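# Working through the structure, step by step
Residues per chain, in single letters:
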Amino acid sequence: MNKKTAGAALCFLLLFVTAAAGFHEAPFSSSDSKAGPARYTLILEQEMPDGKIVTEKKMETVWSMPDFWMKYKDWKVVDQNQEEITLRRSEHGK
């Protein structure tokens, strides 16, 4: 496993563990930042008041897990793997 692959695997592991545990922050050590950012296809699902789901798909570069979770603090993890993260939030009551 080369450094780039190892770094991406570590970033994914940190993302998976923090999401699975329900935490929205995971500290990065200085060695993590040397590996560079992780890139994911991010699928954002917004449930509208009428029940329809609006989906947006985009590429997301993750430099820092705390920054990522801060940006998406109102979203719930629906699914994730090494290439994709699906998040959902409800627009009910807004």
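In what follows, the structure referred to is the one given above.
My aim in this report is to walk through the structure given alongside it, one point at a time. Model, not experiment: these values are computed from the prediction.

## Points about the packing of aromatic side chains
Under the criterion given, the structure shown has three aromatic pairs. Ring geometry for Phe68 against Tyr72: centres 5.1 Å apart, planes inclined by 45 degrees, an arrangement best described as tilted. Judged on exposure class, the residue Phe68 and its partner Tyr72 are both buried. With centroids separated by 6.4 Å and ring planes inclined at 75 degrees, the aromatic side chains of Tyr72 and Trp75 adopt a geometry described as edge-to-face. Just as Tyr72 is buried, Trp75 falls in that class too. One aromatic cluster is present, built from ring pairs that chain together Phe68, Trp69, Tyr72 and Trp75.

## Structural notes on the environment of Ser90
Following the sequence through the fold, Ser90 ends up in strand 4 (residues 84–90). Owing to a relative accessible area of 33%, Ser90 belongs among the partly exposed residues under this scheme. For the pair formed by Ser90 and Glu45, sequence separation is 45 residues and the distance between their alpha carbons is 8.5 Å.

Parameters and conventions
Residues numbered from 1 in each chain as written. Predicted model: local features only at pLDDT ≥ 70, side-chain atom pairs only at ≥ 80, totals over all residues. Heavy atoms only, no water. Phe/Tyr/Trp six-rings, centres within 6.5 Å; stacked < 30°, edge-to-face > 60°. Buried < 20%, exposed > 50% of the residue type's maximum accessible area, 1.4 Å probe, protein only. Helix = DSSP H or I, 4+ residues; strand = E, 2+ residues; numbered from the N terminus.

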